[in-house]
Amino acid sequence: MMILITGGSRSGKSSLGERLLSDWNGRKLYLATMMPRGEESARAIERHRVMRAGKGFETVERYTDVGALSLPDGCGVLLECMGNLLANEMFEAGEPDPCGKIIADVRRLSERAGRLIVITNQVDSDGMDYPRETSLYIQHLGKINASLAASSCCVIESVYGIPVPLKGGLPPCL
């Protein structure tokens, strides 16, 4: 079962994702994709570590190639987040088809996990013109989000910490 959570920056997506695994009885993995670069990312990583402390998550740091990750049978996985994963695949790994690769990788995770929660960012709603490389990133993330939404059983937007169901209703644990 895959659930996609989207929303703006600091909208409560991560907290919502953690809540969606709070009732999981098996192993819970937090698949962290943010590369530690500089002070700002270090603060964000630490904030997320503090948020999930004591909640039973095992943290796995994986910046690219998440589909090759070996998962325990039937585990719950919180993939945090698609925006970082795409940036890593595009700009660090130089992946020629980051959309196809990421979509295939997430499908592999979904086939092996008992529950997969994917956190992503809303993009392309501000009407701004960006440099070519940024525009390409936004287009790729929109394509990935649309594909994952289509194959998810549930899609939720987090608005100021409030879960708003977009597809499939809200899971009982919310």
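Participant: I tried to follow the nonpolar core on my own but got confused; where do I start?
Facilitator: General note: in soluble globular proteins, nonpolar side chains tend to be found buried as a group. Met82, Val106 and Leu116 are the most contacted members of the largest nonpolar core, which totals 28 residues. When contributions to this core are tallied by element, the ones reaching two or more residues are strand E1 (2-7), strand E2 (28-32), strand E4 (76-80), helix H3 (82-92), helix H4 (98-112), strand E5 (115-119) and helix H5 (132-151). Once you skip the residues sitting within four places of it in the chain, Val106 turns out to touch Met2, Leu79, Met82, Leu116, Val118 and Leu148. In terms of nonpolar packing, the next biggest core, distinct from the first, is built from 15 residues, Leu20, Leu21, Phe57 and Leu78 among them.

Participant: Hey, could you run me through the pairing of E1 in this one?
Facilitator: A regular strand carries its side chains on alternate faces of the sheet. Of all the six residues making up E1, six are buried; the element is thus mostly covered by neighbouring parts of the structure. Where E1 lies against E5, four bridges are found, and the strand directions are parallel. Residue pairing for E5: Met2 is matched across the bridge by Leu116. When E1 meets strand E6 (residues 154-159), the two strands line up parallel, connected through five bridges. Counted as the bridge partner of Thr6 is Glu157 from E6.

Participant: So what exactly am I meant to see when it comes to the packing of helix H1 (residues 13-20) against helix H2 (residues 38-52) here?
Facilitator: The relative placement of two packed helices comes down to the angle between their axes together with the axis-to-axis distance. Relative orientation of the contacting elements H1 and H2 amounts to 30°, with a least axis distance of 11 Å. Note that H1 runs across H2; the crossing there is right-handed. Taking contact as the criterion, the partners of Ser14, Ser15 and Glu18 in H1 are, on H2, His48, Met51 and Arg52.

Rules used throughout
- Residues numbered from 1 in each chain as written.
- Predicted model: local features only at pLDDT ≥ 70, side-chain atom pairs only at ≥ 80, totals over all residues.
- Heavy atoms only, no water.
- Core = buried A, V, L, I, M, F, W, Y, C linked by side-chain atoms within 4.5 Å.
- Buried < 20%, exposed > 50% of the residue type's maximum accessible area, 1.4 Å probe, protein only.
- Helix = DSSP H or I, 4+ residues; strand = E, 2+ residues; numbered from the N terminus.
- Contact = heavy atoms within 4.5 Å.
- Pairing = 2+ DSSP bridges.
- Axes fitted to C-alpha atoms, helices over the stretch in contact; angles between N-to-C directions.
- Left-handed = near helix turned anticlockwise from the far one by under 90°.

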